[in-house]
Amino acid sequence: MEIPFAESWKIKMVEPIHKSTREEREQWIKEAHYNVFQLKAQQVYIDLLTDSGTGAMSDRQWAGIMLGDESYAGATSFFKFKDMITSLTGFEYVIPTHQGRAAENVLFSYLVHEGDIVPGNSHFDTTKGHIEGRKAIALDCTIDEAKDTQLEVPFKGNVDPVKLEKALAEHADRVPFIIVTITNNTAGGQPVSMQNLKEVRSIADKYHTPVVFDSARFAENAYFIKTREKGYENKTIKEIVKEMFSYADGMTMSAKKDAIVNMGGFIATHLKDWYEGAKGYCVQFEGYLTYGGMNGRDMNALAIGLDENTEFNNLETRIKQVEYLAKKLDEYGIPYQRPAGGHAIFIDADKVLTHVPKEEFPAQTLTVELYLEAGIRGCEIGYLLADRDPVTRQNRFGGLDFLRLAIPRRVYTDNHMNVIAAALKNVYDRREQITHGVRIAWEAPIMRHFTVQLERI
Ligand code: F0G
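Residues numbered from 1 in each chain as written. Predicted model: local features only at pLDDT ≥ 70, side-chain atom pairs only at ≥ 80, totals over all residues. Heavy atoms only, no water.

Examining the overall build of the protein
Per the secondary structure count, the protein includes 15 helices and 14 strands. Computed over C-alpha atoms, the radius of gyration of the protein comes to 22 Å, within 12% of the 23 Å expected from 2.2 N^0.38 for 457 residues, which places it in the range of a compact globule. Over its C-alpha atoms, taken along the principal directions, the protein stretches across nearly 60 × 55 × 45 Å. Classification of the 457 residues of the protein by burial places 57% in the buried group. In the protein, 73% of the contacts between residues at least 6 apart in sequence involve partners at least 24 apart. Working note: accessible area of the protein is about 19,100 Å², and carbon and sulfur atoms make up 53% of it. Placing the 54 positive and 64 negative side-chain charges of the protein at their respective mean positions leaves the two points 2 Å apart. (Helix = DSSP H or I, 4+ residues; strand = E, 2+ residues; numbered from the N terminus. Rg over C-alpha atoms; globule rule 2.2 N^0.38 Å. Buried < 20%, exposed > 50% of the residue type's maximum accessible area, 1.4 Å probe, protein only. Contact = heavy atoms within 4.5 Å. Areas by Shrake-Rupley, 256 points an atom, 1.4 Å probe, with all protein chains shown as cover. Lys, Arg positive; Asp, Glu negative; His and termini not counted. Charge placed at Lys NZ, Arg CZ, Asp CG, Glu CD.)

Structure, rendered in structure tokens:
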């Protein structure tokens, strides 16, 4: 008999989670104005809101916590953190920050100015926010294939070289850098191939433009290169990571994802002038240069997390769990962004709730239905999150409308995946009866999805 695949770790500490009744959930979601961000975590059974800061640290990481050096300046923890980043990426200069968006804020304060254009694959919301907030343009040059959820291509997160080259040919003087998000979260946790990173580099060189990687899930990206791209099958994840970063000039990192810590981030680069230019903003916004908003203990845990999560076994366990859930959904015929991404499954809500019009937010409606069904909290990455057009104030219905099920790292078992799949199947089976969605009762002018108040129609 073939020995089945199993996790590359065992469980040393557990945290109870709570089931609830449908009546309780009806009450709670109503009190939360049908916005899952407003629920109390205790009211959630399985929490798939995000994979950010929600992973389980290892025994080695917890040991690192105890060894934290909390000196204000020059702590040993900073050097462990910096040396790990330099050894993985080759970048000599490292600036710590408290999370990913803080790294964006510090670096972009130096690099992005009014009227600039920053092309790349799909910019994450905070990245876009930090660009648009400086009156610059975030230009999405993702390949068109990413928009067809049923198309099965191995590197659906890629930058379209033709779109990128066009942007540079027209506006190179206004482009402070190109940004490549690995993996491409917005397109469904989809990876970018090594070939594509090389192509971006050669276009960048032609126009003398630097390249930044938004690296939140770079290790998962490396796993996909190893398992899907020819020529990389015998390389280690660490070798692949080193090659990936050789095509960039710098990186911003939300360590809450692939470094498996609850809080943390950084900038790293080989450009001395970027370091010199950005470091003052770190001191101003984050803290002194050897802690940047982090505790010494957290920098220790972060360094160990990076080391562990650039090992194949850890990544294989994680990504196979996401695939396991995807296979269950295939069995039930539930449509999602194919193939399954690295950190999440993105359910194509438009294709599920075909009777709910766009104006009534199908993905948000599905998010609420899944919560009501089994206390599972997903997250809408769709028309609500897309906000209104800043000029016309119309809702932006042009993109995709997803319910994202983000899987925290090393937290849930495959039994939890079975519960998620069964709950989704139940909702899917009664999809024809779901004919009404939600309407907005109150919304903030930007980033409305966190605080929006909704009513059921
Ligand atoms: N870049 C990417 C690709 C991200 O996914 C995130 C966060 C950030 C930057 C910002 O990092 O949260 O540490 O400030 N993504 C989370 C998510 C919030 O749920 O996808 P942060």
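Here we look at the packing of helix H7 (residues 194-206) against helix H9 (residues 237-246)
Where H7 meets H9, the axes come as close as 9 Å, and the angle between the chain directions of the two elements is 20 degrees. Judged by the angle between their axes, H7 and H9 are roughly parallel. Judged by the sense of rotation from one axis to the other, the crossing of H7 with H9 is left-handed. Facing H7, whose interface residues are Met194, Leu197 and Lys198, H9 presents Ile240, Glu243 and Met244. A class-by-class count of the residues in the contact of H7 with H9 yields 4 nonpolar, no polar and 2 charged. (Axes fitted to C-alpha atoms, helices over the stretch in contact; angles between N-to-C directions. Parallel < 35°, antiparallel > 145°, perpendicular 65-115°, else oblique. Left-handed = near helix turned anticlockwise from the far one by under 90°. Nonpolar A, V, L, I, M, F, W, Y, C, P; charged D, E, K, R; others polar.)

Quick word on helix H1 (residues 22-31)
Considered for burial, the residues of H1 that qualify are Arg25, Trp28 and Ile29. Taken around the axis of H1, the buried residues stretch over an arc of 95 degrees, which confines them to a single face. Turned more than 90 degrees away from the buried face of H1, the exposed residues are Glu23 and Lys30. The secondary structure elements touched by the buried residues of H1 are helix H14 (362-374). Of the residues one or two after H1, His33 is the one with positive phi, at around 55 degrees. (Arc of directions from axis to C-beta.)

A word on the packing of helix H4 (residues 100-111) against helix H5 (residues 125-132)
Contact geometry of H4 with H5 gives a least axis separation of 9 Å together with a crossing angle of 25 degrees. What the angle tells us is that H4 and H5 run roughly parallel. When you trace H4 past H5, the crossing you get is right-handed. Side by side, H4 and H5 meet where Arg101, Glu104, Asn105 and Phe108 of the first sit next to Thr126, Thr127, His130 and Ile131 of the second. Across the contact of H4 with H5, the residue classes break down as 2 nonpolar, 4 polar and 2 charged.

Some remarks on the domain arrangement of the protein
In terms of domain boundaries, the protein breaks down into domain 1 (22-51 + 312-456) and domain 2 (59-308). For domain 1 versus domain 2, the distance between C-alpha centres works out to 27 Å. In this assembly, 29 residues from domain 1 lie in contact with 32 residues from domain 2. Our enumeration of links across domain 1 and domain 2 arrives at 6 salt bridges. (Domains from an automatic or database assignment. Salt bridge = Lys/Arg side-chain N within 4 Å of Asp/Glu carboxyl O.)

Considering the sheet that holds strand S12 (residues 402-406)
Whenever strands of a sheet pair, they do so through backbone hydrogen bonds, lying parallel or antiparallel. Spatial ordering of the open sheet is given by S9-S12-S11, a layout of 3 strands whose pairing is antiparallel. A strand with exactly one partner marks an edge of an open sheet, and here the two such strands are strand S9 (344-348) and strand S11 (379-381). Strand-to-strand twist across the sheet, computed as the mean angle between neighbouring axes with direction ignored, equals 35 degrees. As defined by bridge partners, S9 adjoins S12 across 5 bridges and the pair is classed as antiparallel. Its bridge partner being in S12, Ile345 is matched across the sheet by Leu405. (Pairing = 2+ DSSP bridges.)

Side note on the site of the ligand
Thr50, Gln99, Arg101, Ser254 and Lys257 are the nearest of the 16 residues found near the ligand. A distance of 2.8 Å separates an oxygen atom of the ligand from a polar side-chain atom of Arg404. Look at the ligand: alone it shows 470 Å² of surface, and the protein chains cover 93% of it. Ranked by residue count, the leading element in the shell around the ligand is H4, at 3 residues. Here the shell around the ligand is composed, by residue class, of 1 nonpolar, 8 polar and 7 charged. (Near = heavy atom within 4 Å. Polar contact = N/O pair within 3.5 Å; in protein donor to acceptor, adjacent residues only side chain to side chain.)

Looking at the nonpolar core
Val180, Phe266 and Leu306 are the most contacted members of the largest nonpolar core, which totals 57 residues. Looking at this core element by element, the count peaks at 6 residues for helix H8 (residues 218-228). Counting residues in hydrophobic clusters, the runner-up holds 33 residues, among them Tyr45, Ile345, Leu403 and Leu405. (Core = buried A, V, L, I, M, F, W, Y, C linked by side-chain atoms within 4.5 Å.)

Brief notes about the pairing of strand S6 (residues 211-214)
Residue alternation in S6 divides its side chains into two sets, Val211 and Phe213 and Val212 and Asp214, and both sets are buried. Bridge analysis of strand S5 (residues 178-181) against S6 gives 4 bridges, and the strand direction is parallel. Paired with Thr181 across the two strands is Asp214, which belongs to S6. For the handedness criterion, the β-α-β arrangement of S5, H7 and S6 is classed as right-handed. The pairing of S6 with strand S7 (residues 250-254) spans 3 bridges and is parallel. Paired with Asp214 across the two strands is Thr252, which belongs to S7. (Right-handed = clockwise from strand over helix to strand, strands pointing away.)

A short note on the pattern of salt bridges
Should their charged atoms come close, side chains of opposite charge can pair. In this structure the tally under the stated criterion is 37 salt bridges. With its nearest N and O atoms 3.3 Å apart, the salt bridge here joins Lys166 to Glu170. You can see Lys166 and its partner Glu170 sitting in helix H6 (residues 161-171), 4 residues apart, about one turn around the helix. Overall, the relative accessible area of 51% leaves Lys166 in the exposed class.

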